[in-house]
Amino acid sequence: HPSLLPRHRGPCPVFWSLYWREDATGVSVHRIVDRSIDTGEVLAQSVFPVGDLVAVKELDATLFVEGVGLLL
């Protein structure tokens, strides 16, 4: 999940990180235990600094690659 859960659960977490001008965001790997959205146990997280001029598309792609690294 492209946020530091439990922050920004649900859809569009990268947008909300940029909207709130957060200094950092990240990626969370978590268990899917039921139909609730992004509520399972967090297994791993990686923090990523957010720059001032980052676009949603750029940050989303960067966090995707970071997430793949966590899964491996």
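As shown above, the structure is provided for reference.
From a predicted model like this one, the values you see are computed outputs, not experimental measurements.

Caption draft 1: Examining the pairing of strand 1 (residues 24–30) more closely. Counted residue by residue, strand 1 has six buried out of seven residues, so it is predominantly covered. Summarising the sheet, strand 1 and strand 2 (residues 42–49) pair through seven bridges and their orientation is antiparallel. For Ala24, the partnering residue across the bridge sits in strand 2 and is Pro49.

Caption draft 2: Representation of the nonpolar core. Residues Val14, Leu18, Val27, Val50, Leu59 and Leu63 constitute the largest nonpolar core, which totals six residues. Only helix 1 (13–19) and helix 2 (56–71) provide two or more residues apiece to this core. Discounting chain neighbours no more than four positions away, the residues touching Val50 are Leu18, Glu22, Asp23, Ala24, Thr25 and Leu59.

Caption draft 3: Quick peek at the environment of Leu71. The residue Leu71 is located in helix 2 in this model. On the basis of relative accessible area, Leu71 is assigned to the exposed category, the value being 64%. C-alpha of Leu71 to C-alpha of Trp16: the two residues are 55 residues apart in sequence and 24 Å apart in space.

Calculation criteria
- Residues numbered from 1 in each chain as written.
- Predicted model: local features only at pLDDT ≥ 70, side-chain atom pairs only at ≥ 80, totals over all residues.
- Heavy atoms only, no water.
- Buried < 20%, exposed > 50% of the residue type's maximum accessible area, 1.4 Å probe, protein only.
- Helix = DSSP H or I, 4+ residues; strand = E, 2+ residues; numbered from the N terminus.
- Pairing = 2+ DSSP bridges.
- Core = buried A, V, L, I, M, F, W, Y, C linked by side-chain atoms within 4.5 Å.
- Contact = heavy atoms within 4.5 Å.

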